[in-house]
Amino acid sequence: MRDTERSRMPHRSQDQEWAARAAGGDESAFRSLYRAHVRAVYWIAYGIVGSAADAEDVTQETFVVAWRKLVTLELVGDSILPWLATICRFQAANRMRQRRRDRSHTTDAADERIADTVNIEEQVITASLAERIMAELGTLSALDQDIFRLCAAEGYGYQAAAAQLGVSHAVVRNRLSRVRTRLRGTVQEVRDA
């Protein structure tokens, strides 16, 4: 393809490229989407369910649903995160209903009920939360972003991340701790607003 032809083609964002390839069955493209957005989805889930274990389950369920529905997705914006956040909200609401049902079967708390639908306020909060988390991640130094990506998104241990980045184990541990604290603060601010 000549440069003039290439320049006339609309530019696609990385998410748009990955989504298009993943919709065609490219698992490595879907893994790239997963790595890019798993932590933001986790923090959205955590903001709703309030439990690390449930947030991990909701995050995994979100990406399972996304994989199944990706073939019908027409990504309008540059980022797939708003779509993932919507799936996450519904999965989190399902998890909360299940938690309440389980609790009502194991205790005499039959009068506790959770709404069958996610309310508008909750949707606004989680959309806002996704934006705030992405904005917060964008303010990190390049090293902090790399540490967060390697440890939180790609599952590297402290030592492996340190070796990859050419820093000490302590640097990775301390910086990652500060990043997580900042993100928890962001989640709490949005929940309190």
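Every value quoted in this text rests on a predicted model; they were computed, and no experiment measured them. Just so you know, the residues in each chain are numbered from 1, in the order the chain's sequence is written. Confidence filtering applies because this is a predicted model: local features only for residues at pLDDT of at least 70, side-chain atom pairs given and counted only at 80 or more, and all residues used for totals across whole chains, interfaces and linings. Values shown for side chains rest on all heavy atoms present in the structure; no hydrogens or waters enter the calculation.

Chemist: Tell me about the overall build of the protein, and please be specific about residues and values.
Modeler: If you tally the helices and strands in the protein, you get nine helices and zero strands. Expressed as a percentage of its 193 residues, the buried residues of the protein come to 35%. For the protein, restricting intrachain contacts to residue pairs at least 6 apart in sequence, the fraction spanning at least 24 positions comes to 64%. With residues, only the protein chains shown are counted as cover, and all accessible areas are computed by Shrake-Rupley using a 1.4 Å probe. Carbon and sulfur atoms form 49% of the exposed surface of the protein, whose accessible area is close to 11300 Å². Every helix listed is a DSSP run of H or I at least four residues long, and every strand listed is a run of E at least two residues long, numbered separately from the N terminus. Under the scheme applied here, a residue whose accessible area is under 20% of the maximum for its type counts as buried, over 50% as exposed, and between as partly exposed, the area being computed with a 1.4 Å probe on protein chains only. Throughout, a contact is declared for two residues whenever any of their heavy atoms are within 4.5 Å.

Chemist: Explain the pattern of salt bridges residue by residue, including any values.
Modeler: The term salt bridge refers to a side-chain nitrogen of Lys or Arg lying within 4 Å of a carboxyl oxygen of Asp or Glu. All told, the structure shown has five salt bridges when counted by the stated rule. Here D54 makes a salt bridge to R95, at a shortest N to O gap of 3.4 Å. Highlighted residues: D54 in helix α4 (residues 52-69) and R95 in helix α5 (residues 81-106), separated in sequence by 41 residues. Salt-bridge contacts for R175 lead to D144; the nearest nitrogen and oxygen are separated by 2.7 Å. Placement of the pair is R175 in helix α9 (residues 169-192) and D144 in helix α7 (residues 142-153), with a sequence separation of 31 residues. Taking relative accessible area as the criterion, R175 reaches 25% and is therefore assigned partly exposed. Overall, the relative accessible area of 11% leaves D144 in the buried class. One salt-bridge network, in which partners are shared between bridges, spans D54, D57, E61 and R95.

Chemist: Residues and numbers for helix α3 (residues 27-49), please.
Modeler: For α3, which comprises 23 residues, the first-to-last C-alpha distance of 29 Å sits more than 12% below the rise-based estimate of 33 Å (1.5 Å per residue). Considering bend angle alone, the principal kink of α3 is centred on H37 and spans about 50 degrees. One fewer than the residue count of a helix, multiplied by 1.5 Å, yields its expected span. A residue's bend is simply the angle between two axes: one fitted to the seven residues ending at it, one to the seven starting at it.

Chemist: Now, about the packing of helix α2 (residues 14-23) against α3: what can you tell me, with residues and values included?
Modeler: For every element, the axis is a line fit to its C-alpha atoms; helices are fit only across the contacting stretch, and the angle between N-to-C directions ranges from 0 to 180 degrees. Relative orientation of the contacting elements α2 and α3 amounts to 140 degrees, with a least axis distance of 7 Å. If you check the angle between α2 and α3, you find them oblique. In the packing of α2 onto α3, the handedness of the crossing is left-handed. From α2, D15, W18, A19, R21 and A22 reach across to α3, where they touch S28, A29, F30, S32, L33, A36 and H37. Orientation is classified from the angle alone, with under 35 degrees giving roughly parallel, over 145 giving roughly antiparallel, 65 to 115 giving roughly perpendicular, and any other angle giving oblique. Each crossing is labelled by how the near helix is turned from the far one, with a counterclockwise turn of less than a right angle marking it left-handed and a clockwise turn marking it right-handed.

Chemist: Account for the side chain of D54, naming residues and giving values.
Modeler: A relative accessible area of 14% places D54 in the buried class. Apart from residues no more than four positions distant in its own chain, D54 is found in contact with V49, R95 and R99.

Chemist: Can you tell me about the packing of α3 against α4, naming the residues and giving the values?
Modeler: Two elements in contact, α3 and α4, have axes whose closest approach is 8 Å; the angle formed by their N-to-C orientations is 140 degrees. Here α3 is positioned oblique relative to α4, judged by the angle of their axes. With respect to the hand of their crossing, α3 and α4 are arranged in right-handed fashion. In contact with E27, F30, L33, Y34, H37, V38, V41, Y42, A45, Y46 and V49 of α3, α4 contributes A52, D54, A55, E56, V58, T59, Q60, T62, F63, A66 and W67. Ten residue types, Ala, Val, Leu, Ile, Met, Phe, Trp, Tyr, Cys and Pro, are classed as nonpolar, four, Asp, Glu, Lys and Arg, as charged, and the remainder, Gly among them, as polar. Class assignment of the residues belonging to the contact of α3 with α4 gives a composition of 15 nonpolar, four polar and three charged.

Chemist: So what's going on with the confidence of the model for the protein? Residues and values would help.
Modeler: The predictor attaches a confidence to each residue, and that confidence, scored 0 to 100, is pLDDT. This prediction gives the protein a mean pLDDT of 79; 78% of its residues lie at or above 70. Predicted confidence for residues 1-9 stays below pLDDT 50, and this span has two contacts to residues more than four positions away or in other chains. Segment residues 108-116 is flagged for pLDDT under 50; beyond a separation of four residues in sequence, or across chains, it makes ten contacts in the model.

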